[in-house]
Amino acid sequence: MTKTAPKIGLVSLGCPKALVDSERIVTHLRAEGYEFSRDYAGADVVLVNTCGFLDSARQESLDAIGEALAENGKVIVTGCLGAEGDLVREHHPDVLAVTGPQQYEAVIDAVHRARPPAHDPYLDLVPPQGVKLTPRHYAYLKISEGCNHRCSFCIIPRMRGDLASRPAGEVLREAERLVKAGVKELLVISQDTSAYGVDLRHAESDWRGRPVRAHLTDLAAALGELGAWVRLHYVYPYPHVDQLMPLMAEGQVLPYLDIPFQHASPTVLKAMRRPADQEKVLARIAAWRAAVPDLTIRSTFIVGFPGETEADFAFLLDWLEEAQLDRVGCFKFEPVEGAAANDLPDPVPEAVKQERWDRFMATQQRISEARLARQVGRTIEVIVDEVDEDGIVARSRMDAPEIDGCVFLDRPASRGMPAIAPGDLVRAVIDEASEYDLYGTLADAGETRLRKPAAGRAVPRRRAQ
């Protein structure tokens, strides 16, 4: 008689790096015969993968744990907030187990204790690429864990440790499996992508019968051979980033850089314990754009950092005007328990933080709208994310999923047009732009105009971290 497979509920919070951790856990459990429930009631135990980057994220994680306990009663906690087991148990003493980030074996052991597996090796099959929580056509590719930086506002190194890179051959074999499974876009992530391989002293490893260095430029070039879009996230502007420009110009890697600048004022950057030569950064941005005219640069910034003066903020706005970044997110500073920034003098009042955030976003929205307006009249390649009766939601090379804008297109009226499905790469004619999004028609769909989304409709955006 076949045993009933145990069912696991999963709540995955936080950034794409945490989502990759969830995928690894799901893949392991599926290989052991576990099934997954879409609701609390159908689960034998609920696994909550938490975020602990900001106090607001910590509270969201604690609330999610509380909801899972109320709805199911059997809860295992993992992820970044799991590194603070005493805090979790103080709020929720009834959780079954608490494990920290990257502690995959401990998570699996906790699941085994709560609900032993009913594994049948002849029936329980997992695809070679593992189980993914993203749509089939894109996937996050984590190349390292941890970080060697000691930014005063961040506790990631305390939670995830120092930089620990994966061998290049291992990363490339995972990427190859993903592409063979239908992935059209690889989103390369880590805490510091530019530092990839430093801890390995850029050691070579085998892939396709040849050695490949654990170095960002070598890895990017090899990923570019797989035929998928390759998008680089969390890139710090180290000198060797210049070597990526030929790869972008030749189409091996998307002309897209996600660089967390955080601020521009030398005084604030020094307090953040981050590099402070912003004039040199502006010169490098200009050089990158000279080499790759279609380069998209996205970034994140913090306003209201302790000690930030009106002069510091004005410097940031002036820098933003000169840098002309394409995609930008902004946070109001939040104290995070354990961060060195909490002890800095001259905290900025909440009302001032809000006022500066509003001015920052107004400035960037104007810049973004002007830069997107340059796409009007162009025919560009886009990747399709959704297709429904209202039309097609796609993304251009300028748009990372869930954090950047979208390209909204009409569904073609002609019966002669081929069927369009998520993951398809199609050509679109752009005829309108807003602060974040583009609007247009399929290149071969005639003169049909796009109907904009109804008022109040918003594209979900993951909190950038």
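Scope of this entry: the structure provided in the associated data block.

Cut-offs applied
Residues numbered from 1 in each chain as written. Predicted model: local features only at pLDDT ≥ 70, side-chain atom pairs only at ≥ 80, totals over all residues. Heavy atoms only, no water. Pairing = 2+ DSSP bridges. Helix = DSSP H or I, 4+ residues; strand = E, 2+ residues; numbered from the N terminus. Contact = heavy atoms within 4.5 Å. Axes fitted to C-alpha atoms, helices over the stretch in contact; angles between N-to-C directions. Core = buried A, V, L, I, M, F, W, Y, C linked by side-chain atoms within 4.5 Å. Buried < 20%, exposed > 50% of the residue type's maximum accessible area, 1.4 Å probe, protein only. Arc of directions from axis to C-beta. Phe/Tyr/Trp six-rings, centres within 6.5 Å; stacked < 30°, edge-to-face > 60°. Lys NZ or Arg CZ within 6 Å of the ring centre and 35° of its normal.

**Some remarks on the sheet that holds strand β2 (residues 35-37)**
Right, so step 1: Across the sheet, which stays open at both edges, the 5 strands sit in the order β2-β1-β3-β4-β5 with parallel pairing between neighbours. The strands lining the two open edges of the sheet, one partner per strand, are β2 and β5 (97-98).
Right, so step 2: Its contacts with the sheet put helix α1 (residues 16-31) on β1 (7-12), β2, β3 (45-50) and β4 (75-79), and the angle it makes with β1 is roughly 175°.

**Points about the pairing of strand β11 (residues 210-213)**
Right, so step 1: The pairing of strand β10 (residues 204-207) with β11 spans 4 bridges and is antiparallel. When the sheet's bridge partners are listed, serine 205 is paired in β11 with valine 212.
Right, so step 2: Between the end of β10 and the start of β11, which pair antiparallel, lie 2 residues, with arginine 208 showing a positive phi angle near 55°.

**With respect to the nonpolar core**
Right, so step 1: The biggest cluster of nonpolar side chains holds 56 residues, and the ones touching the most others in it are Leu223, Leu244, Leu257, Trp319, Leu325 and Phe360.
Right, so step 2: Considering every element that reaches this core, the biggest residue donor is helix α11 (residues 310-323), with 6 residues.
Right, so step 3: Ignoring sequence-local partners within four residues, the contact set of leucine 257 consists of Leu232, Val235, Val241, Leu244, Met245, Met248, Trp288, Leu295, Thr296, Ile297 and Arg298.
Right, so step 4: Among the nonpolar cores identified, the runner-up in size contains 18 residues, and Val11, Leu69, Val75 and Val98 belong to it.

**Considerations on helix α4 (residues 104-114)**
Right, so step 1: Among the residues making up α4, those that are buried are Tyr104, Val107, Ile108, Ala110 and Val111. Angularly, the buried residues of α4 cover 160° about the axis, an arc narrow enough to put them on a single face. Exposed and facing more than 90 degrees away from the buried side of α4 are Glu105 and Arg113.

**Concerning the packing of aromatic side chains**
Right, so step 1: Scanning all chains against the criterion turns up 9 aromatic pairs.
Right, so step 2: Consider the rings of tyrosine 236 and tyrosine 238, whose centres lie 6.1 Å apart with planes at 35°: the pair is tilted.
Right, so step 3: For tyrosine 236, a relative accessible area of 9% corresponds to the buried category.
Right, so step 4: Their ring planes at 75° and their centres at 5.1 Å tell us that phenylalanine 305 and phenylalanine 333 sit as a pair that is edge-to-face. Residue phenylalanine 305 is found in the loop between β14 (296-303) and α11, and its partner phenylalanine 333 is found in the loop between β15 (327-332) and α12 (350-373); the two are separated by 28 residues along the sequence. Accessibility classification places phenylalanine 305 together with phenylalanine 333 in one group, the buried group.
Right, so step 5: Clustering of aromatic rings is evident, with ring pairs tying together Phe261, Phe301, Trp319 and Phe360.
Right, so step 6: A cation over an aromatic ring shows up here: arginine 231 above the ring of tyrosine 256, its NZ or CZ 4.5 Å from the ring centre.
Right, so step 7: In this arrangement the basic side chain of arginine 395 is found over the ring face of tyrosine 138, its NZ or CZ atom lying 5.4 Å from the centre.

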